[in-house]
Amino acid sequence: MMDPQVEAELAPFAADLLGLLPPEMIRRVAIPRPSAELIAGYKALPDLTSVVADILDDLGFDTAIPGGRLSPLAPEQRIVGPAVTVRQARVRRPAGYGVAHRLVPRLGGLDQVTLSRPGDVLVIDAGGADDASSFGGLMATAVHSRGLAGVVVDGCVRDAESMRRMGLAVWSRGLTPRTGKHRLEIVEFNGVIDIGGTQVQAGDLLLGDRDGLIAVPADLVDEVLRRAQAATAGETALIASVQRGDAPRDSMSVLPPEKW
């Protein structure tokens, strides 16, 4: 039975849904989304993930995912946006069964995009599957056209060149030409997932750059940005002091050594 709150939240989308995402798998539709001003504040941080990782360490959270674990398709890409979460699992029958019986792949398709908003980040937990794609060119086109900020996949993607050409920001464990249709299926939408060994909840703010990815808990987004902006100002002053050739003690007075 569907949660009454989820049923109410789905109602405005009823005319646009294609029945590709089973309603009983949807944990929530409405998720926290930061203001445009907050998003812009994070995007302005010069060392995005590293400075925020330090702030979250101070607050007792360890949500950093190294870039070597989930890699960006293009080294210069960055991402800031609330997470729309998807969990996938392997199908229980061989892929050939689905093909032979012409079954509709159960990967959620365009319904996932319909339930997302421009600026969101589609975050897919495929359990690190490295032998089938969790995300490909057709979905990438839909995500890009919808204006999503990008995609994070703890698994593989395909059609990488198409994604690069369209400028879609994507992080994944790797690439494969093998389709995930009839090999993987969606089992939960907007629930709690595991990405690269880190828990991510729907509505967490996903940050990404060349160093890796960070999930900022939704209820800490304001505080983390304030602290990150202050830390960035301190680091900027320290760099200027070092570049001027100030005495070490003078540089230490700008920013305590435990913050270096």
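Everything quoted here is computed from the prediction, not taken from an experiment.

### Quick word on the confidence of the model for the protein chain
1) Next: Of the residues in the protein chain, 89% reach a pLDDT of 70 or more, and the chain-wide mean stands at 90.
2) Next: Confidence scores differ between elements of the protein chain, with helix α9 (residues 248-254) showing the lowest mean pLDDT of 56 and strand β11 (residues 212-216) the highest of 98.

### Things to note about the UniProt feature "binding site: Mg(2+)" (unreviewed entry) in the protein chain
1) Next: Under the feature "binding site: Mg(2+)" (unreviewed entry), the UniProt entry names Asp159.
2) Next: Mapping aspartate 159 onto the fold places it in the loop between β5 (150-157) and α7 (160-166).
3) Next: The contact partners of aspartate 159, leaving out residues within four places of it in the chain, are Gly136 and Gly137.

### As for the side chain of serine 134
1) Next: By the element assignment, serine 134 lies in strand β4 (residues 121-135).
2) Next: Since its relative accessible area comes to 8%, serine 134 is described here as buried.
3) Next: In contact with serine 134, not counting residues within four places along its chain, are Gln88, Ile124, Ala126, Val153, Cys156 and Leu184.

### Some details on the UniProt feature "binding site: substrate" (unreviewed entry) in the protein chain
1) Next: Look at the UniProt record and you will see "binding site: substrate" (unreviewed entry) annotated at Gly136, Gly137, Leu138, Met139 and Arg158. The annotated residues occupy 23 residues of the chain but converge on a single region, no pair of C-alpha atoms lying more than 10.5 Å apart. Of the annotated set, the members that line the largest pocket are Gly136, Gly137, Leu138, Met139 and Arg158.
2) Next: Of note, glycine 137 is situated in helix α6 (residues 137-146).
3) Next: Classification of glycine 137 by relative accessible area gives buried; the value is 11%.

### As for unusual backbone geometry
1) Next: Despite not being glycine, histidine 182 has its phi angle at roughly 70°, a positive value.
2) Next: Positive phi outside glycine occurs at asparagine 190, with the angle close to 60°.
3) Next: A residue is classified by how much of its surface remains accessible, and asparagine 190, at 3% relative accessible area, is buried.

### Considerations on helix α3 (residues 48-59)
1) Next: Here α3 contains 12 residues, and its C-alpha end-to-end distance of 17 Å stays within 8% of the 16 Å for a straight helix at 1.5 Å per residue.
2) Next: Among all positions of α3, only Leu48, Thr49, Val51, Val52, Ala53, Ile55 and Leu56 are buried.
3) Next: Two residues or fewer after α3 comes glycine 60, characterised by a positive phi angle close to 90°.

Scoring rules and cut-offs
Residues numbered from 1 in each chain as written. Predicted model: local features only at pLDDT ≥ 70, side-chain atom pairs only at ≥ 80, totals over all residues. Heavy atoms only, no water. pLDDT = per-residue confidence, 0-100. Helix = DSSP H or I, 4+ residues; strand = E, 2+ residues; numbered from the N terminus. UniProt positions renumbered as here; feature names shortened; annotations may be inferred. Contact = heavy atoms within 4.5 Å. Buried < 20%, exposed > 50% of the residue type's maximum accessible area, 1.4 Å probe, protein only. 1 Å grid on protein atoms, 1.4 Å probe; cavity = no way out; pocket = protein on both sides within 12 Å on 5 of 7 lines; lining within 4 Å. Expected span 1.5 Å × (residues − 1).

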